[in-house]
Amino acid sequence: MAVGYPARASATLVGVSDELPSSLVGTGDTLTDAGRDALQAIISDPARTLITLDFDGTIAPIVADPEHAHADPDAVDALARLGDLVLGIVVITGRPARTAVRLGGFDRHAGLDRMVVLGQYGAERWDAHGDRFGAEPEPEAISEVEAELPGLLAGLGLSGARIEHKGRAIGVHTRELPDPGEAFDALRPALDDLARRHQLKLEPGKFVLEIRADGSDKGDAVRHIVAETGARQVIFIGDDLGDLPAFDAVRDLREHGTPGLLICSASHEEDALTIHADLVAAGPRGVAAWLGALADQLAAQ
Ligand SMILES: [Mg+2]
């Protein structure tokens, strides 16, 4: 069930051993036991807590043109306040790292000077420290798929679908077509076949079908960054089916003794993750409020 957060939550200050603040657990019995344990550990030991989170639909509202999906300013402000309080903040996205940095304005915020953005499901990396970008080489099969796509779309009468070249992936968006759902369903088997023929895989999202190289997913990205940083607790926040591998990775970590908190950013058009989450926030505004409440709590301790 979704938790309705106020536009700007204020935390009730409590001792670590006391009941958790309502601004962080929602109203009612919405937090799982594993989530409650993780939240206690996070509040007790923020300096060894890693915050990992998706970008689109999680801290940036979904809009028709993905080039204009800017991050919610309150979410970025909250992350900047958390930047000095936690071990690290890592955005893990299917987008190119540079695009997420630009749309998030992450290179313009004091407090985010240790932030990391893992783009293309971990194939690209931006470190705020030193403003450094790195990337694995682009697979040749992606260019071959790009060459075939216009003909395939024309054959299905869907030439209006927006193609987004992401370097190591290609997204086909149906959101702007007259019937986005019908177009999505018509495209899915054709793009699945195209992906398989090029030894690539198809990843469905919100009115977007993405063809990308197999190998890395958000779960691998979470595992690597947790190992690299030596985090003792981890938070992951996501909204979409592409975030499921990250949810699985956090559950694995949890089973091996690393407390993990899974938060879903749910919306009216996407709630696939809600049953897997410890806590459900009402879209990017809810996520921004929750991050703000966590910053309030940690700053006041
Ligand atoms: Mg997303």
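Note that the coordinates shown come from a computational prediction; the quantities given were computed from them, not determined experimentally. (Residues numbered from 1 in each chain as written. Predicted model: local features only at pLDDT ≥ 70, side-chain atom pairs only at ≥ 80, totals over all residues. Heavy atoms only, no water.)

The next subject is the coordination of the magnesium ion. Around the magnesium ion, the protein supplies D54 (OD), D56 (O) and D239 (OD) as donor atoms, at distances of 2.1 to 2.2 Å. Between consecutive donor residues of the magnesium ion, the sequence gaps follow D-x1-D-x182-D. Note that D56 is positioned in the loop between β1 (49-53) and α3 (73-82) and D239 in the loop between β10 (233-238) and α8 (244-255), a separation of 183 residues in sequence. What makes D239 buried here is its relative accessible area of 1%. (Donors = N, O, S within 2.8 Å, 3.2 Å for Na, K, Ca; no water. Helix = DSSP H or I, 4+ residues; strand = E, 2+ residues; numbered from the N terminus. Buried < 20%, exposed > 50% of the residue type's maximum accessible area, 1.4 Å probe, protein only.)

Okay, the sheet that holds strand β7 (residues 169-173) next. To summarise the sheet geometry, strands pair through backbone hydrogen bonds and adopt either a parallel or an antiparallel arrangement. The strand order across the open sheet built from 4 strands is β6-β7-β9-β8, with neighbouring strands paired in antiparallel fashion. The open sheet has two edge strands with one neighbour each: β6 (162-165) and β8 (200-204). Averaged over all adjacent pairs, the angle separating strand axes in this sheet is 20°, with direction ignored. The sheet strands contacting helix α5 (residues 140-155) are β6, β7, β8 and β9 (208-213), and the helix crosses β7 at an angle near 20°. Its contacts with the sheet place helix α6 (residues 180-197) against β7, β8 and β9, and it is angled at close to 160° to β8. (Pairing = 2+ DSSP bridges. Axes fitted to C-alpha atoms, helices over the stretch in contact; angles between N-to-C directions. Contact = heavy atoms within 4.5 Å.)

Moving on, we come to the domain arrangement of the protein chain. Each domain of the protein chain was delimited in the assignment, giving domain 1 (22-123 + 216-300) and domain 2 (140-213). Using only C-alpha atoms to locate each centre, domain 1 and domain 2 end up separated by 28 Å. Between domain 1 and domain 2, the contact holds 22 residues from the first and 16 residues from the second. Buried area between domain 1 and domain 2, both sides added, is near 1400 Å², and the carbon and sulfur share of it is 50%. Seen at the junction of domain 1 and domain 2, the total is 3 salt bridges. Taken together, the connections running from domain 1 to domain 2 amount to 4 residue pairs in polar contact (both at pLDDT 80 or more). Across the side of domain 1 that touches domain 2, the residue classes break down as 8 nonpolar, 6 polar and 8 charged. (Domains from an automatic or database assignment. Buried area = accessible area lost by both parts, 1.4 Å probe. Salt bridge = Lys/Arg side-chain N within 4 Å of Asp/Glu carboxyl O. Polar contact = N/O pair within 3.5 Å; in protein donor to acceptor, adjacent residues only side chain to side chain. Nonpolar A, V, L, I, M, F, W, Y, C, P; charged D, E, K, R; others polar.)

On to the packing of aromatic side chains, then. In this structure the tally under the stated criterion is 3 aromatic pairs. Relative to F133, the ring of W126 has its centre 6.3 Å away and its plane inclined at 40°; by these criteria the two rings are tilted. A ring pair is formed by F236 and F247, whose centres lie 5.8 Å apart and whose planes are at 85°; its orientation type is edge-to-face. Taken together, the residues span a long stretch of sequence, with F236 in strand β10 and F247 in helix α8 at a distance of 11 residues. In this structure, F236 and F247 share a single accessibility class: buried. Geometry around Y121 places R212 over its ring, the cationic atom sitting 3.5 Å from the centre. (Phe/Tyr/Trp six-rings, centres within 6.5 Å; stacked < 30°, edge-to-face > 60°. Lys NZ or Arg CZ within 6 Å of the ring centre and 35° of its normal.)

Moving on, we get to the packing of helix α7 (residues 218-229) against α8. Direction vectors running N to C along α7 and α8 enclose 40°, while the axes themselves pass 6 Å from each other. In terms of axis orientation, α7 runs oblique to α8. Note that α7 runs across α8; the crossing there is right-handed. Only P245, A246, A249, V250, D252 and L253 of α8 make contact with α7, whose side of the interface consists of K218, G219, V222, R223 and V226. Its residues placed into classes, the contact of α7 with α8 shows 7 nonpolar, 1 polar and 3 charged. (Parallel < 35°, antiparallel > 145°, perpendicular 65-115°, else oblique. Left-handed = near helix turned anticlockwise from the far one by under 90°.)

What follows covers the environment of S23. Note on placement: S23 falls in helix α1 (residues 22-25). On the basis of relative accessibility, which here comes to 7%, the residue S23 falls in the buried class. The spatial distance from the C-alpha of S23 to the C-alpha of R251 is 24 Å, given a sequence separation of 228 residues.

Our next topic: the pattern of salt bridges. Within the structure shown, the criterion is met by 24 salt bridges. For D54, the salt bridge goes to K218, with nearest N and O atoms at 2.8 Å. Residue D54 is located in the loop between β1 and α3, and its partner K218 is located in helix α7; the two are separated by 164 residues in the primary sequence. Here D54 and K218 have matching classes, each one buried. Residue D220 is joined to R223 by a salt bridge in which the shortest nitrogen-to-oxygen separation is 3.6 Å. Note that D220 and R223 are positioned in helix α7 at a spacing of 3 residues, about one turn of the helix.

With that settled, the discussion passes to the packing of helix α2 (residues 33-44) against helix α9 (residues 283-300). The geometry of α2 relative to α9 is characterised by a closest axis approach of 10 Å and an angle of 45° between their N-to-C directions. The angle between the axes of α2 and α9 places the two elements in the oblique class. Along the contact surface, α2 presents L39, I42 and I43, while α9 presents W290, L294, Q297 and L298. By residue class, the composition of the contact of α2 with α9 is 6 nonpolar, 1 polar and no charged.

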